[in-house]
Amino acid sequence: GPLGGAGWARGVWEWDRADLRRLPDLSLLNLLERIPGVVPVRADLVNQAESAAVFGAGAGAIRYVVDGFTLDPLTSPTFDASRISLLALERVRVERRVTGATVWIETMAPVEARTKSVIEAGPGDYGVNLFRGLFLPPSVFGGPLGAGFERLSGDGFSSGSTNHTVSWLKWTWVQDSTGIQAEYRQSGIDRDG
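Remember, it's a predicted structure, so these values are computed and weren't measured experimentally. (Residues numbered from 1 in each chain as written. Predicted model: local features only at pLDDT ≥ 70, side-chain atom pairs only at ≥ 80, totals over all residues. Heavy atoms only, no water.)

Enquirer: Whenever I open this one, the environment of Leu-31 confuses me. Can you help?
Expert: Within the secondary structure, Leu-31 sits in helix α2 (residues 28–32). Taking the C-alpha atoms as reference points, Leu-31 and Leu-86, 55 residues apart in sequence, are found 8.4 Å from one another. Those residues within four positions of Leu-31 in sequence are excluded, and the remaining contacts are Trp-15, Leu-20, Leu-23, Asp-25, Leu-86 and Val-92. (Helix = DSSP H or I, 4+ residues; strand = E, 2+ residues; numbered from the N terminus. Contact = heavy atoms within 4.5 Å.)

Right, dumping it as structure tokens:
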């Protein structure tokens with residue numbers, strides 16, 4: 001759940017890596033649905049962006065800050081929070097106000113001098129299967145690399161199956177006060193029936 005000092009009274013919710021791993025949610029949009037006043041906006045069209053609204057305001061009322069950089073609402077007014085996997089996140093902080101919300105996102109990056117890898121897999125009811133993999137080497141081509149893969153598949157209640165696949169790759173190079181960060185994300189949903 002939320003960390004100390006956060007919650008209803010302050011309009012602030014925080015999750016660290018351990019909290020995010022305990023949640024059944026798969027994406028940032030699922031996580032945002034837990035906050036009172038924040039609702040998902042889904043067009044129900046294939047490959048259309050899914051966003052969130054706070055207190056009925058449009059998607060522009062939610063500001064996203066990823067690793068210290070604010071996403072410009074003029075270039076990406078419908079940021080698709082459903083395509084950000086919780087697997088790729090180190091920490092999330094949401095500050096909800098009457099005028100909107102700010103979502104602070106810190107993505108995973110290696111912080112130790114050794115390689116870290118995590119694999120999670122499990123079956124569930126209705127033919128649901130989950131596989132997650134994370135690989136974080138501290139130095140590849142002069143900087144840390146992060147790679148992740150997540151696949152959730154299920155048969156559902158009727159004769160149709162759904163597969164949700166997310167992959168991401170992040171590489172960072174820092175020298176003195178100069179740095180470069182390149183990030184690639186891909187997400188897709190396949191539905192049958």
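Enquirer: Got a minute to help me understand the environment of Gly-154 in this structure?
Expert: Turning to its location among the elements, Gly-154 is positioned in strand β10 (residues 145–154). Assessed through its relative accessible area of 14%, Gly-154 is described here as buried. Along the sequence, Gly-154 and Asp-125 sit 29 residues apart, while their C-alpha atoms lie 8.6 Å from each other. (Buried < 20%, exposed > 50% of the residue type's maximum accessible area, 1.4 Å probe, protein only.)

Enquirer: I would appreciate a short explanation of the nonpolar core in the present structure.
Expert: The nonpolar side chains of a soluble globular protein tend to be buried, and buried together. In terms of nonpolar packing, the biggest core is built from 26 residues, with Trp-15, Leu-28, Leu-32, Tyr-64, Val-92 and Val-103 touching the most fellow members. Elements represented by at least two residues in this core include exactly β1 (12–15), α2, β3 (51–54), β4 (62–66), β6 (89–97) and β7 (100–107). With 4 residues, the top contributor of residues to this core is α2. When sequence neighbours within four positions are dropped, the list of residues in contact with Leu-32 reads Val-38, Ala-52, Tyr-64, Ala-81, Val-94 and Val-103. Leu-87, Met-108, Val-118 and Trp-168 belong to the second largest nonpolar core, which has 7 residues in total. (Core = buried A, V, L, I, M, F, W, Y, C linked by side-chain atoms within 4.5 Å.)

Enquirer: What's the story with the packing of aromatic side chains in this structure? I'm lost.
Expert: Each aromatic ring pair is described using two quantities: the centre-to-centre distance and the angle formed by the ring planes. Counting across every chain of the model gives 1 aromatic pair. Pairing Phe-131 with Phe-149 gives two aromatic rings, centres 6.3 Å apart and planes at 55°, and the pair type is tilted. Separated by 18 residues along the polypeptide, Phe-131 in strand β9 (residues 129–136) and Phe-149 in strand β10 bring together distant segments of the chain. Classification of Phe-131 by relative accessible area gives partly exposed; the value is 36%. Assessed through its relative accessible area of 34%, Phe-149 is described here as partly exposed. (Phe/Tyr/Trp six-rings, centres within 6.5 Å; stacked < 30°, edge-to-face > 60°.)

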